[in-house]
Amino acid sequence: MAETTPSDTGADTPPTALSAAPGYQVRRLYQAYVAAWVRLVDAALTGPQFAVLTAVGAAPGRDQSSMASAVALDTSTMADVARRLEGRGLLVRRTAPDDGRRKLLFLTESGEEALAEADRRARLLDERLLESYGPGERTALLEELTELADRWEGLTRDA
């Protein structure tokens with residue numbers, strides 16, 4: 001009787017209970033996206049860091065707390081991301097003149113350059129991710145993903 005190896009028994013295929021679970025598929029998508037990001041966009045700049053740089057570039061001088069909300073980070077994670085970006089010379093945090101507890105965020109010149117390059121590469125990655133979809137399908141997919149994210153975020157507020 002021949003011995004079977006895990007690959008012979010279908011062990012590399014997830015059980016139906018996993019493959020039918022939306023969270024499992026989302027995790028797979030996220031893992032694939034992060035791997036593509038590291039390879040094609042920037043190995044040192046994380047997705048949350050890119051989101052913060054993008055938000056600060058779009059609205060310089062906003063406070064750290066409101067930026068956290070804009071990029072879907074909790075305030076403690078936002079503080080850590082901002083400190084890291086500041087440590088890399090990409091971001092400056094200034095104390096608000098009217099409230100010493102509030103930190104206002106600004107890109108440095110290096111931050112603007114890093115953001116411009118990462119954004120260029122991120123748009124190329126977006127194009128590769130969506131290349132099999134036509135323009136209308138892309139719009140519908142992004143609307144569906146946004147709706148799904150909004151609904152799932154609502155579950156955390158309801159709990």
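Residues numbered from 1 in each chain as written. Predicted model: local features only at pLDDT ≥ 70, side-chain atom pairs only at ≥ 80, totals over all residues. Heavy atoms only, no water.

**Considerations on helix 5 (residues 75-87)**
When the terminal C-alpha atoms of helix 5 are compared, their 18 Å separation across 13 residues agrees well with the 18 Å that a helix rising 1.5 Å per residue should span. Taken together, the buried positions of helix 5 are Met78, Ala79, Val81, Ala82 and Leu85. The arc enclosing the buried residues of helix 5, seen along the axis, measures out at 165 degrees, which places them on a common side. Exposed residues pointing more than 90 degrees away from the buried face of helix 5 are listed as Ser76 and Gly87. Where the residues of helix 5 are buried, they touch helix 3 (47-58), helix 4 (64-70), strand 1 (91-96) and strand 2 (99-107). Within two residues after helix 5, Gly89 carries a phi angle of roughly 80 degrees, on the positive side. (Helix = DSSP H or I, 4+ residues; strand = E, 2+ residues; numbered from the N terminus. Expected span 1.5 Å × (residues − 1). Buried < 20%, exposed > 50% of the residue type's maximum accessible area, 1.4 Å probe, protein only. Arc of directions from axis to C-beta. Contact = heavy atoms within 4.5 Å.)

**Overview of the packing of aromatic side chains**
Following the criterion strictly, the structure yields two aromatic pairs and no others. Aromatic side chains Tyr33 and Trp37 sit 6.1 Å apart centroid to centroid with 40 degrees between the ring planes, which places their arrangement in the tilted category. Of this pair, Tyr33 and Trp37 both sit in helix 2 (residues 22-40), four residues apart, which is roughly one turn of the helix. For Tyr33, a relative accessible area of 30% puts it in the partly exposed group. One aromatic cluster in this structure is built from Tyr33, Trp37 and Phe50. Here the guanidinium or amino end of Arg94 rests over the ring plane of Phe106, the centre of that ring lying 4.4 Å away. (Phe/Tyr/Trp six-rings, centres within 6.5 Å; stacked < 30°, edge-to-face > 60°. Lys NZ or Arg CZ within 6 Å of the ring centre and 35° of its normal.)

**Notes on the environment of Arg93**
Secondary-structure assignment places Arg93 in strand 1. Between the C-alpha atoms of Arg93 and Leu104, which are 11 residues apart in sequence, the distance is 5.4 Å. Ignoring any residue separated from it by four or fewer positions in sequence, one finds Arg93 in contact with Gln64, Ala79, Ala82, Arg83, Glu86, Lys103, Leu104 and Leu105. A distance of 3.4 Å separates the side chain of Arg93 from the side chain of Gln64, its partner in a polar contact. A polar atom in the side chain of Arg93 sits 3.0 Å from the side chain of Glu86. (Polar contact = N/O pair within 3.5 Å; in protein donor to acceptor, adjacent residues only side chain to side chain.)

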